[in-house]
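Residue-level listing of the chains:
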Amino acid sequence: MSHSVPDADRTARGRLVLVALFVLFFGSALAAGALRFSGWMPAGLRNHGQLLEPPVDLRQARLQLASGEAYPWQPQARIWRIVAVPPASGCDAACTTLAAQLDKVWRLFGHNADHVHVLWLGAAPAGAAQLPEMRVLRDDPGVRASLPGASDPAGVPVYVVDPNGFVILRYAPQSDPAGLRADVARLLKLK
């Protein structure tokens, strides 16, 4: 009879360990599934800009620089683009501030800055054309019309275009440039 008590304890302990392993494995899988389907995402993986779904396809757009030269997409060069879209009617002091912020964002990419072009659609604010990374584009009503929220009454929206010519992110006027920098820096790692 003394043998049956330790065997019963061992069996009970074994069952508890088995139940604990079952709960640990399937409980974490259930929790992960619940988080995934609820839309939760870790802060480090969230975009700061608005993800455009579906992305806007600009591959067929014939963009021209202010000088009249064509601006080629060249997907093989793996160039990401940050596009500022000021009002077609002209720009004010907010545009000058935005141009300076975009210049700072571009410089913070360091050795990766060569893989980012900053495009300005339409007339650039004073001084912006002298920025080395700024490529001023002739205003294109077709491109402007294809960008969601381009005529935002709150100011100048900014977009991120992938190397193939798809607009994937939109930043509302007066968005924090640090968020733009963080998103593009993460995209640059996808080379």
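Structure: above.
Structural notes, computed from the coordinates. Residue numbering note: each chain is counted from 1, following its sequence as written. The model is predicted, so local features are restricted to residues of pLDDT at least 70 and side-chain atom pairs to those at 80 or more, both for listing and for counting; the totals for chains, interfaces and linings are taken over all residues. As a convention, hydrogens and water are excluded, and side-chain values are obtained from all of the structure's heavy atoms.

1. A short note on the nonpolar core
For our purposes a nonpolar core is just a set of buried Ala, Val, Leu, Ile, Met, Phe, Trp, Tyr and Cys residues, chained together by side-chain atoms within 4.5 Å. Categorising residues by exposure relies on relative accessible area from a 1.4 Å probe, with only protein chains included: less than 20% of the type maximum marks a residue as buried, more than 50% marks it as exposed, and the intermediate range marks it as partly exposed. Grouped together as the largest cluster of nonpolar side chains are 27 residues, with contacts concentrated most on Ile-82, Leu-102, Phe-109, Trp-120, Val-160, Leu-180 and Val-184. Elements with a minimum of two residues in this core: β2 (80-84), α2 (93-108), β3 (116-121), β4 (134-137), β5 (158-161), β6 (166-171) and α4 (177-188). Working rule for contacts: check all heavy atoms of both residues, and any pair within 4.5 Å makes them a contact. Discounting residues that sit within four places of it in the chain, Phe-109 has contacts with Ile-82, Val-116, Arg-181, Val-184, Ala-185 and Leu-188. Counting 19 residues, the second largest nonpolar core, distinct from the first, contains Leu-65, Val-85, Leu-119 and Val-161. Put simply, DSSP H or I for four residues or longer makes a helix, DSSP E for two residues or longer makes a strand, and each gets a number counted from the N terminus.

2. As for the pattern of salt bridges
Note on definitions: salt bridges are taken to be side-chain nitrogens of Lys or Arg within 4 Å of carboxyl oxygens of Asp or Glu. One pass over the structure, following the stated rule, counts five salt bridges. Across the pair Arg-186 and Asp-183 runs a salt bridge, and its minimum N-O distance is 2.9 Å. Remark: Asp-183 and Arg-186 occur in helix α4; sequence separation between them is three residues, near one turn of the helix. According to the relative accessible area criterion, Arg-186 is partly exposed, its value standing at 30%. Owing to a relative accessible area of 2%, Asp-183 belongs among the buried residues under this scheme.

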